[in-house]
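Here's the letter readout for the chains.
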Amino acid sequence: MDALLAALADPVRRRLVSLLAERPRPVGVLAQLADARQPQTTKHLQTLERAGIVTSQRTGQRRIYALRPGPLRELAAALSRLADAADQVGGPHTTYDRYGIGVRTERLAAQEPGWADDRSFTFHRSLTERPELVWRHLTETALLARWWTPDDLRVCELVFEARPGGQIVQEYRDAEDTGDSDPVAGRAEGVVVDVSPGERLAYRLSPLLPDGRPAFTAHIDMDLRPTGAGTDLDVRWRMTDSTVESADFVAGIEIGFGQSLDKLAATLTGSADRADRTARTDTRSAT
């Protein structure tokens, strides 16, 4: 595919391909129709032939070139597969487009400080594990790091002191930026407000602007309730102290925090599956 793309990168060669798609033609005619000199036209046709896009044969004193449709169909199929991957419903590109719409909307609304104050969001997840294990995933840094970022991001620094007045630091990078070559994707700092193990967790968290100022303050309350199948987690998310510059952050709250909670649910489901497999193995070993 690289050879085909390289051969088609030149506009003159693309024009020659278009002419040959109509019918086979000799070099001289192609040069006239392409409004190019014949020596340059010959070189372009040789490049296309080496790439397998055209073929030629000598007829008397003339060399006739013809298009080979097979390689173009293969290229078109490959490009179509790339487009289909990018167009996957509910995939990363859908999220990217949705976030872009949100950013434009919030930037128009962010006219003065406090513009988004008291805006709130609610989230609910029915989780497969008991409140005790869910609590650990909400408060222990090693477990928090598994899920506490949106998709395609990874935690690179995390402090969570699960006590009233405890410090919170969350810094994250692109998940594929393993060499830390790209700028930090985001950083937030906050404080734990209320702790009732296995039942309720409340904290304040402020994402930081590039100059280090808080973009806004998020007041987050989490309630855990045991169910027959595991735990119901309800999250209330309220904003204060919003700055004009916080629009891009605000646009991503519902998407990003929702993705994080989905990762939490998947992590807990994976833990349950691993525990079940271990139990079955132990049972077989005992017999």
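It should be emphasised that the depicted structure is a prediction, and the values quoted were computed from it without experimental measurement. (Residues numbered from 1 in each chain as written. Predicted model: local features only at pLDDT ≥ 70, side-chain atom pairs only at ≥ 80, totals over all residues. Heavy atoms only, no water.)

Enquirer: I'd like a rundown of the overall build of the protein chain, residues and numbers included.
Expert: Across its full length, the protein chain carries 10 helices and 10 strands. For 287 residues, the compact-globule formula gives about 19 Å, and the C-alpha radius of gyration of the protein chain, at 30 Å, lies well above that figure. Taking the principal axes of its C-alpha atoms as reference, the protein chain extends roughly 95 × 70 × 30 Å. Taking all 287 residues of the protein chain together, 39% fall into the buried category. In the protein chain, of all internal contacts separated by at least 6 residues, the share reaching a separation of at least 24 is 52%. As presented, the protein chain carries roughly 16,200 Å² of accessible surface, and 50% of it is formed by carbon and sulfur atoms. Counting 37 positive and 42 negative side-chain charges, the protein chain places the averaged centre of each group 12 Å from the other. (Helix = DSSP H or I, 4+ residues; strand = E, 2+ residues; numbered from the N terminus. Rg over C-alpha atoms; globule rule 2.2 N^0.38 Å. Buried < 20%, exposed > 50% of the residue type's maximum accessible area, 1.4 Å probe, protein only. Contact = heavy atoms within 4.5 Å. Areas by Shrake-Rupley, 256 points an atom, 1.4 Å probe, with all protein chains shown as cover. Lys, Arg positive; Asp, Glu negative; His and termini not counted. Charge placed at Lys NZ, Arg CZ, Asp CG, Glu CD.)

Enquirer: Provide a residue-level description of helix α5 (residues 69-86), including the pertinent values.
Expert: Note on helix geometry: an α-helix contains 3.6 residues per turn, so any two residues three or four positions apart are oriented the same way. Here α5 spans 26 Å end to end across 18 residues, near enough to the 26 Å set by a 1.5 Å rise per residue. Among all positions in α5, only Pro-71, Leu-75 and Ala-78 are buried. Down the axis of α5, the buried side of the element spans an arc of 60°, and every buried residue falls inside it. Exposed residues on α5 whose side chains face more than 90 degrees from its buried face are Arg-73 and Asp-84. On its buried face, α5 sits against α1 (2-8). (Expected span 1.5 Å × (residues − 1). Arc of directions from axis to C-beta.)

Enquirer: Talk me through the sheet that holds strand β5 (residues 153-160); I want residue IDs and the actual numbers.
Expert: Two orientations exist for strands paired in a sheet by backbone hydrogen bonds: parallel and antiparallel. Pairing is antiparallel in the open sheet, where 7 strands are placed in the order β4-β10-β9-β8-β7-β6-β5. Single-partner strands in this sheet number two, and they are β4 (120-127) and β5. Taking the axes of each pair of neighbouring strands and ignoring which way they run, one obtains an average angle of 20° across the sheet. Direction of pairing for β4 relative to strand β10 (residues 231-240): antiparallel, over a ladder of 8 bridges. Within β10, the residue paired with Ser-126 across the bridge is Asp-232. Helix α7 (residues 131-139) rests against β4, β5, β7 (186-196), β8 (200-207), β9 (217-226) and β10 of the sheet, and its axis sits at about 160° to β9. (Pairing = 2+ DSSP bridges. Axes fitted to C-alpha atoms, helices over the stretch in contact; angles between N-to-C directions.)

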